[in-house]
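# A look at the structure
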Amino acid sequence: MGFPEEHVVKAVKENGEESADLILETLLTYSASPLALQSSPEEDQPPISIIKRESEEETDQSSSDYYENLLEDFSDADSLPEDEDTMTPLSDNDNKLLFLMDMGYDMDESSIAIERCGPDSSIDQLTDFISAAQLAKGSDHLYRDAEDEDKCQKKRKRLAYLSWKKKNQRPNKKICNGEDELMKLPKPMVGFGVPNQPYPAFQRTLPEDALGPLYFYYENVALAPKGVWNTISRYLYDIHPEFVDSKFFCACARKRGYIHNLPVGNRFRLLPIPAATIQDAFPLSKKWWPAWDTRTKLNCLKTTVASAKTTEKIRKALEDCDGDPPLVVQKYVMEECRKWNLVWIGKNRVATLEPDEFEVLLGFPKNHTRGGGSNRTDRFKSLGNSFQIDTVAYHLSVLKPLFPTGITVLSLFSGIGGAEVSLHRLNIPLKSVVSVEISQVNRNIVRSWWEQTNQRGCLIELEDVQLLSHERLEQLIHSVGGFDLVIGGSPCNNLAGCNRVSRDGLDGKESALFFDYWRILDSVKCIQKNRQKN
DNA sequence: GGTACTATGAATCCGTAC
DNA sequence: GTACGGATTCATAGTACC
């Protein structure tokens, strides 16, 4: 692309020499480059994490000199290859490939980006895609490994430029909403079908590159900030999420999105079927349950529970009433009960759930998280972050006839072993499980469960998904003979509605680890595909 | 130092009325 | 179509206590 000298002069004249940002913005508005600037900010949901991190790193240098150099570099890098002399006109994809390579990207990463983002993708989308991939792989090592320091500098500047550009984009609400409409949550939230509910009409066609033999299963909160599921879906082969509320499987709600490439026919439930209502799950509470508390299902079990002060305030509020409490008191009590999942344990007395009650509601063995250095707070946190076993097992049940002799699993963000427990409860033998979990306490829980259930297979425990490199994956695949299933739910901290502090979407520190899920899945597919060829 | 406890809204969806 | 209100939400950071 480059910026014509007259444009630069004009931009400097309009904005003064001091404001590099304004100069650059003005130059961009002048530019009529068909490729480099063709995309609108609303056309994609960029993997913002790379943008901010690089931004933090690079904006310290936001001097005129820096941007002058940056522009200078782009004068070279953004030039489209000229092919007027060639006999056959290059296709749009070829042009994009050459353009990306000219920007300093490798052929492989450029090709993958074009393939994944589709033929209509813009250069912006492609560079975003590659940038996210680089972040997921640990962008630092790209720089360390770069043989040519100039190339390395160029890459940093390019990313800084992208950062700057994204930060200065003006959101287009109309288009954003348009995207979200595509990811509308189903009502009722039954995904591709749940027991005892009418089967929803849906059409599921998996893209070719998403098909097995490697199966994958990804989970996260359904009610994520706008655009998050669009991004996740785009990275995971454009598969539409299956949004399911676990209230159709047990006595508590748990609205989650699942992206997977599993078959969806002939699913079956785990037995025994758990209690479907609060009253069935807590029979002793029936005696004290007031008629005006009409709840039959608990809300989502979260990572913390109400304080003793809350339940005491409720008791006092009710005891101050003669007979049935007035509507205003009922409303207050019900709000607190719904917010904190309180159950009735006596006259005018409500209580929080205990960790073992969390375990049973979520489908884990009672005392699954007890002991092993886990305190009460830890248990609530781990359980609140976990799968609902009956729901996940329903989805995974289709694997049972496919793997009668056992399955080899890569379990990412394992937590307290929701995936492993689900497969075990389905009586699918666990041949080998590579479990990656950052929390020592959670790893203890999984290891303890593994031993208690007399698993015959091999459990390999790893700590950090970010350290799970391509090379390490090759070793593991060689060691276990290949994975059949990659499963996991990446952290929701920055997506969850009750996070009042850092609900930053996939840009958040923890939730950005989704890109590691995608990176690892992609690596496994690639490695195993190559193994098949050889 | 470890653990338990407590205060802290906003984003989003959905139903309803107009 | 729009405005409004109700309902829901895999949490975080600071503080008190032992």
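Residues numbered from 1 in each chain as written. Chains lettered and ligands numbered in written order. Predicted model: local features only at pLDDT ≥ 70, side-chain atom pairs only at ≥ 80, totals over all residues. Heavy atoms only, no water.

Under an unreviewed UniProt entry, chain A has the name DNA (cytosine-5-)-methyltransferase and belongs to Kalanchoe fedtschenkoi. Among the UniProt annotations of chain A, the heading Subcellular location (unreviewed entry) holds the following wording: "Nucleus". (UniProt positions renumbered as here; feature names shortened; annotations may be inferred.)

## Side note on helix α14 (residues 327-340)
A rise of 1.5 Å per residue sets the reference length of α14, with its 14 residues, at 20 Å; its end C-alpha atoms lie 20 Å apart and thus fit the reference within 8%. Taken residue by residue, α14 has Val329, Gln330, Val333, Met334, Glu336 and Cys337 as its buried positions. Seen along its axis, α14 keeps its buried residues to an arc of 165 degrees; they face one direction. Residues of α14 that are exposed and angled more than 90 degrees away from the buried face: Leu327, Val328 and Lys331. Structurally, α14 contributes buried residues whose contacts are with α13 (308-319), β4 (343-346) and β5 (349-351). (Helix = DSSP H or I, 4+ residues; strand = E, 2+ residues; numbered from the N terminus. Expected span 1.5 Å × (residues − 1). Buried < 20%, exposed > 50% of the residue type's maximum accessible area, 1.4 Å probe, protein only. Arc of directions from axis to C-beta. Contact = heavy atoms within 4.5 Å.)

## Notes on the pattern of salt bridges
Tallied over the full model, the rule gives 14 salt bridges. Between Glu312 and Arg315 there is a salt bridge, and its shortest N-O distance comes to 2.6 Å. Linking Glu312 with Arg315, this pair stays in helix α13, spanning three residues, or about one helical turn. According to the relative accessible area criterion, Glu312 is partly exposed, its value standing at 32%. Arg315 sits in the partly exposed class, given a relative accessible area of 23%. Glu319 serves as the salt-bridge partner of Arg315, at 2.7 Å between the closest nitrogen and oxygen. (Salt bridge = Lys/Arg side-chain N within 4 Å of Asp/Glu carboxyl O.)

## Details of the sheet that holds strand β2 (residues 242-245)
Ordered in space as β2-β3-β1-β9-β6-β7-β8, the seven strands form an open sheet in which the pairing is mixed. Because the sheet does not close on itself, it has two edges, and the strands there are β2 and β8 (458-462). With strand direction ignored, the average angle separating the axes of adjacent strands in the sheet is 20 degrees. Pairing between strand β1 (residues 215-221) and strand β9 (residues 485-488): four bridges, direction parallel. The partner of Tyr217 across the bridge, within β9, is Ile487. Each of β1, β2 and β3 (255-260) is contacted by helix α11 (residues 228-235), which is oriented at about 20 degrees to β3, the strand it contacts most. (Pairing = 2+ DSSP bridges. Axes fitted to C-alpha atoms, helices over the stretch in contact; angles between N-to-C directions.)

## Quick notes on the protein's contact with DNA strand C
Of all residues adjacent to DNA strand C, which total 23 residues, the nearest are Arg256, Thr303, Arg338, Cys492 and Cys498. Counting only atoms of DNA strand C within 4 Å of the protein, the fraction found in sugar and phosphate groups is 68%. In this structure, Glu219 approaches DNA strand C through a side-chain N or O atom, which is 3.1 Å from a base nitrogen. Between DNA strand C and the protein, one listed contact pairs a base oxygen with a side-chain N or O atom of Arg256 at 2.2 Å. At the level of elements, β1 and β3 are the ones that each hand at least two residues to the surface near DNA strand C. When grouped by side-chain class, the residues that make up the surface near DNA strand C number eight nonpolar, nine polar and six charged. (Near = heavy atom within 4 Å. Polar contact = N/O pair within 3.5 Å; in protein donor to acceptor, adjacent residues only side chain to side chain. Nonpolar A, V, L, I, M, F, W, Y, C, P; charged D, E, K, R; others polar.)

## Quick look at the side chain of Arg519
Mapped onto the fold, Arg519 is located in helix α21 (residues 514-533). On the basis of relative accessible area, Arg519 is assigned to the buried category, the value being 6%. Side-chain polar atoms of Arg519 contact the side chain of Asp516, separated by 2.8 Å.

## What to know about the packing of aromatic side chains
Taken as a whole, this structure holds 16 aromatic pairs when the rule is applied. Here Trp229 and Phe243 contribute two aromatic rings whose centre-to-centre distance is 5.5 Å and whose plane-to-plane angle is 85 degrees, an arrangement assigned as edge-to-face. One end of the pair, Trp229, is in helix α11; the other, Phe243, is in strand β2, with 14 residues separating them in the sequence. Judged on exposure class, the residue Trp229 and its partner Phe243 are both buried. Between Trp292 and Trp344, the aromatic rings sit 5.9 Å apart at their centres with planes inclined by 85 degrees, giving edge-to-face as the arrangement. Taken as a pair, Trp292 in the loop between α12 (278-281) and α13 and Trp344 in strand β4 lie far apart in primary sequence, 52 residues in all. By the ring-pair criterion, three or more aromatic residues cluster together here, those being Tyr218, Trp229, Tyr235, Phe243, Phe514, Phe515, Tyr517 and Trp518. Above the plane of the ring of Tyr237 lies Lys525, whose end atom (NZ or CZ) is 5.0 Å from the centre. (Phe/Tyr/Trp six-rings, centres within 6.5 Å; stacked < 30°, edge-to-face > 60°. Lys NZ or Arg CZ within 6 Å of the ring centre and 35° of its normal.)

## A word on the UniProt feature "domain: SAM-dependent MTase DRM-type" (unreviewed entry) in chain A
The sites that UniProt annotates as "domain: SAM-dependent MTase DRM-type" (unreviewed entry) are residues 202-531. As annotated, residues 202-531 comprises 34% helix and 14% strand, and the C-alpha atoms at either end are separated by 35 Å.

## Considerations on α21
Compared with the 28 Å implied by 1.5 Å per residue over 20 residues, the 29 Å span of α21 between its first and last C-alpha is a close match. Counting buried positions along α21 yields 14 of 20 residues, so the element is predominantly enclosed.

## A closer look at the protein's contact with DNA strand B
In the neighbourhood of DNA strand B, 16 residues make up the surrounding shell, with Lys187, Lys226, Ser307, Thr377 and Gly497 lying closest. Taken together, the sugar and phosphate atoms account for 54% of what DNA strand B places within 4 Å of the protein. Contact between DNA strand B and Lys187: a phosphate oxygen at 3.3 Å from a side-chain N or O atom of the residue. Between DNA strand B and Arg503 there is a distance of 3.3 Å, counted from a sugar or linking oxygen to a side-chain nitrogen or oxygen. Secondary structure elements with two or more residues in the surface near DNA strand B: α13 and α16 (376-384). Taken together, the residues that form the surface near DNA strand B break down as four nonpolar, five polar and seven charged.

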